[in-house]
Amino acid sequence: MGVTIALAGNPNCGKTTMFNSLTGSIQRVGNWPGVTVEKKEGHLKGDKEIVIQDLPGIYSLSPYTLEEVVSRNYLINEKPDAILNIVDATNLERNLYLTTQLIEIGLPMVVALNMMDVVNKNGDKIDPKKLGEALGCQVVETSALKGTGCKEAAQLAAKKAQSGEKPVLPHVFRGTVEHAIAHIEESIQDKVDPQRLRWYAVKLFERDEKVQATLQLDEETRAHIEEHIAECEQELDDDAESIITNERYAYISRIIHTCYKKAKKPGSLSVSDKIDRVVTNKWAALPIFAAVMFVVYYVSVTTIGTIVTDFTNDTFVAAWIQEPLQNWLTGLGTAPWLVGLLCDGIVGGVGAVIGFIPQMVVLFFFLAILEDIGYMARVAFIMDRIFRKFGLSGKSFIPMLIGTGCGVPGVMASRTIESERDRRMTIITTTFIPCSAKMPIVALMAGAIFGGAWWVAPSAYFIGVAAIVISGIMLKKTKRFAGDPAPFVMELPAYHLPSGKNVLHSVWERAKSFFRKAGTIILLSSILIWFLSSFGVVDGAFVMVEDMNLSILAVVGTALAFLFVPLGFGSWQAAVATIMGLVAKEEVVGVFGVLFGISGDALELVESGAFNELAPIAAAFTLLGAFSFLVFNLLCAPCFAAIGAIKREMNNAKWTLFAVGYQCGFAYLCSLIIYQLGSLFTGGGFTVWTAVAFLGLAFLLYMLFRKNKYDENHLTVLKGVQA
Amino acid sequence: MKTLRNAKVGETVTVVKLHGEGAVKRRIMDMGITKGTTVFVRKTAPLGDPIEVTVRGFELSLRKGDCEMIEIA
């Protein structure tokens, strides 16, 4: 009969390494129901009967964070057959804090004392047998990094699961508290699973709102319980939650005394301490940070990343696949529309997905290393002060930096942000930063319309940053982003050498998930746009058209152009170019070239600075309209590839729609305000739209400066996730 | 009332009481900052906030605003 073992432990305790070493490369990665917390499971290598279920890294089983709620719901409701608790032996005190809580759940349990190699190297001594006796469950020494003891620990847990041997509940708390808990146990014993009795009683003592809500005790029982809690609180002069936490740590201090011998005197510096002294030093921290970011950016965006991406796009997909396929199909006498569908629609669409992968792999490689060595936590530590003002995390810096190269890996880089709220906010705002594909639009406008004015390009970046700041401040005050607490009480893990296996694993998982989850949306939308732009009605017949002017897209563009009239660029060409920008932002320029009948490739003309040739485009815009067009295209929905990445990272259709909708709405509002107020001040007269623009501006200012109803420190229990 | 916010870099202090309630307080306690714990203030972030402390043998970063919840002696 199969058994399920839940892997539980603190963040940074080596759980991921342990999971990888137990299950090998075949893992099922998904999400916990309803939340974006990653869920991984796999079989124990060489034993299909043993399922290993990875739980999120947690410090406690409180009702406050998503990861903790997900974990405890799983342990209480899904009832795995055993728990394998991974404990970082170099950080025993805090790690055992979770252990004392896991034991109370009453499931068969084994403690894996991980990183024992480091402990031994330091000359410290831990007696696993004594520790096991004190905890009431068996303790096994392991080193996930070296691969020792892991399998034995899992097999032992499986054995305990089969025999059903439960941990002996140690008496953790002092007399008064145990007394109150005993009373609570007595009053609820016929209402809960007898094995979970202790867990429920302790949670009720803590006044855990989620447990209170699930148990639905009657008024009398609740009053009875409350009486005992209040009595205990009065005696110990503290609130119930603090009492339990204090008692747990006091208990841990007692047992550590008996089984842990430190070799070094406290206060001596470890290697990690010495590194940290330099890396987060008051003066050196920012230069080092800048240097690290420069290397990441330079390699993954400017050099290797771009070279391999260009190679994949131009050589691998275009020259090696697309062209031979086209020649071959044409040679066979295949109908032109089918050739177009296969070569331009499908291969082009798949190519668009594949093209991002090399760059992504390079970036993920860096991110995995930064995370694995422990620098990522320092990034948050260094940048927190700036970013938290806009409702973002210090770690949002990396997605935004990468976003200047390409929004797709930028959005994907948000994965390192733990707090769901900060991550969502980062995903929504990252693509406001002008990516390299938006630069041709900027260059076209600056060169052909603004006569090469120097301020156009910097203003694009300024607008991007301003959009992030404004959106951050506005969104963090909305209900959507309130409620999820994100306490910035963050562990700064010890630095250690990266593990090659972990890094490769992480790169592989992320690239795979991009390909699978984002790939579909990119492919489908590319085919749709290809269809709209290559077919049309000519002389009453539905045919494939060479000239985009005759395509369905032109009809759609004409129908939608009225939307952009208040923004100052109501021509159908501008509408079509904006739609084509969804395929890839640089398309906007190329499409203008086609629609305005410019001979030659407009993109190349822009790059070579031949702006005279582009005069027909310039003639279609007023100065203000051109700027408004630029702003709209910088801020509105990104290309399909980036939307796919957003969908992958949000892992939720509603949030994806919200993100894209917000971006478009925000872009529209900004362009409207710029164009209408600009016209007014340049003597354009007051129209209905001017009034609308003023209203929009007032709305924006109100959203920016209103009081935040959801004070960050005043957060209670997580909403939306059921206990 | 002296709080962790007032503590200077390099100082070792003892926690007297935790004030406030809810998620942040619980997280602070879960990380091992409880009554009677000694906390060593290691450094301030380059931009002045947050701070880094050593507690129970590991490093923790705390925002100065949250440090006000921690009464020290």
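What comes next concerns the included structure. Keep in mind the model is a prediction, meaning the values are calculated, not measured.

## Details of the overall build of chain B
For step 1, the next point in the chain: Secondary structure assignment for chain B yields two helices and five strands.
For step 2, the next point in the chain: Along its sequence from the N terminus, chain B presents helices and strands in the succession β-α-β-β-β-α-β.
For step 3, the next point in the chain: For chain B, contacts bridging at least 24 residues in sequence account for 55% of all contacts bridging at least 6.
For step 4, the next point in the chain: Carbon and sulfur atoms provide 50% of the accessible area of chain B, an area that totals close to 2500 Å².
For step 5, the next point in the chain: Averaging the locations of the 13 positively and 9 negatively charged side chains of chain B gives two centres separated by 2 Å.

## What about the sheet that holds strand β4 (residues 47-54) of chain A?
Residue and element names in this part refer to chain A.
For step 1, the next point in the chain: Taken in spatial order, the seven strands of this open sheet run β2-β3-β4-β1-β5-β6-β8, and their pairing is mixed. Two strands bound the open sheet, and with one partner strand each, they are β2 (27-31) and β8 (139-141). Taking the axes of each pair of neighbouring strands and ignoring which way they run, one obtains an average angle of 25 degrees across the sheet.
For step 2, the next point in the chain: Looking at chain direction, strand β5 (residues 82-88) and strand β6 (residues 109-114) are connected through six bridges and run parallel. Looking at β6, one finds that Ile86 is bridged to Ala112.

## A look at the environment of Ala466 of chain A
For step 1, the next point in the chain: As for its placement among the helices and strands, Ala466 of chain A is situated in helix α21 (residues 456-476).
For step 2, the next point in the chain: Here the alpha-carbon distance between Ala466 of chain A and Phe432 of chain A, two residues 34 residues apart in the chain, equals 9.0 Å.

## Quick word on α21 of chain A
Residue and element names in this part refer to chain A.
For step 1, the next point in the chain: Relative to the 30 Å expected for 21 residues at 1.5 Å per residue, α21 spans 30 Å between its end C-alpha atoms, a close match to the ideal helical length.
For step 2, the next point in the chain: Among the residues of α21, Val456, Ser459, Ala460, Ile463, Gly464, Ala467, Ile468, Ser471, Gly472, Met474, Leu475 and Lys476 are the ones counted as buried.
For step 3, the next point in the chain: On its buried face, α21 sits against α17 (397-403), α19 (420-430), α20 (439-449), α28 (623-635), α30 (653-681) and α31 (688-705).

## Things to note about the pairing of β6 of chain A
Residue and element names in this part refer to chain A.
For step 1, the next point in the chain: Along β6, six of the six residues are buried, which leaves the element largely enclosed by surrounding structure.
For step 2, the next point in the chain: Taking every second residue as pointing to the same face, both faces of β6 are buried, with Met109, Val111 and Leu113 on one and Val110, Ala112 and Asn114 on the other.
For step 3, the next point in the chain: Read as a crossover between parallel neighbours, the route from β5 over helix α3 (residues 92-104) to β6 is right-handed.
For step 4, the next point in the chain: Two elements, β6 and β8, share three bridges in a ladder whose sense is parallel. Bridge pairing links Ala112 to Val140 in β8.

## A look at the interface of chain B and chain A
For step 1, the next point in the chain: Listed as interface residues are 34 residues of chain B and, on the opposing side, 46 residues of chain A.
For step 2, the next point in the chain: Inspection of the region where chain B meets chain A yields nine salt bridges.
For step 3, the next point in the chain: A salt bridge links Lys25 of chain B to Asp239 of chain A; the shortest N-O distance between them is 2.9 Å.
For step 4, the next point in the chain: Between the two partners, chain B and chain A, sit 18 residue pairs in polar contact (both at pLDDT 80 or more).
For step 5, the next point in the chain: Those elements that place two or more of their residues in the side of chain B that touches chain A are α1 (23-30), β2 (38-44), β3 (51-55) and β4 (58-62) of chain B.

## A look at the sheet that holds strand β5 (residues 70-72) of chain B
For step 1, the next point in the chain: Taken in spatial order, the six strands line up as β10(A)-β4(B)-β3(B)-β2(B)-β1(B)-β5(B) in an open sheet, and their pairing is antiparallel. Whereas interior strands pair on both sides, the edge strands pair on one side only; in this sheet they are β10 (490-491) of chain A together with β5 of chain B.
For step 2, the next point in the chain: Taken together, the three bridges between strand β1 (residues 12-18) of chain B and β2 of chain B define a ladder with antiparallel strand orientation. By the bridge assignment for β2 of chain B, Thr14 of chain B is matched with Thr38 of chain B.

How each quantity is defined
- Residues numbered from 1 in each chain as written.
- Chains lettered and ligands numbered in written order.
- Predicted model: local features only at pLDDT ≥ 70, side-chain atom pairs only at ≥ 80, totals over all residues.
- Heavy atoms only, no water.
- Helix = DSSP H or I, 4+ residues; strand = E, 2+ residues; numbered from the N terminus.
- Contact = heavy atoms within 4.5 Å.
- Areas by Shrake-Rupley, 256 points an atom, 1.4 Å probe, with all protein chains shown as cover.
- Lys, Arg positive; Asp, Glu negative; His and termini not counted.
- Charge placed at Lys NZ, Arg CZ, Asp CG, Glu CD.
- Pairing = 2+ DSSP bridges.
- Axes fitted to C-alpha atoms, helices over the stretch in contact; angles between N-to-C directions.
- Expected span 1.5 Å × (residues − 1).
- Buried < 20%, exposed > 50% of the residue type's maximum accessible area, 1.4 Å probe, protein only.
- Right-handed = clockwise from strand over helix to strand, strands pointing away.
- Salt bridge = Lys/Arg side-chain N within 4 Å of Asp/Glu carboxyl O.
- Polar contact = N/O pair within 3.5 Å; in protein donor to acceptor, adjacent residues only side chain to side chain.

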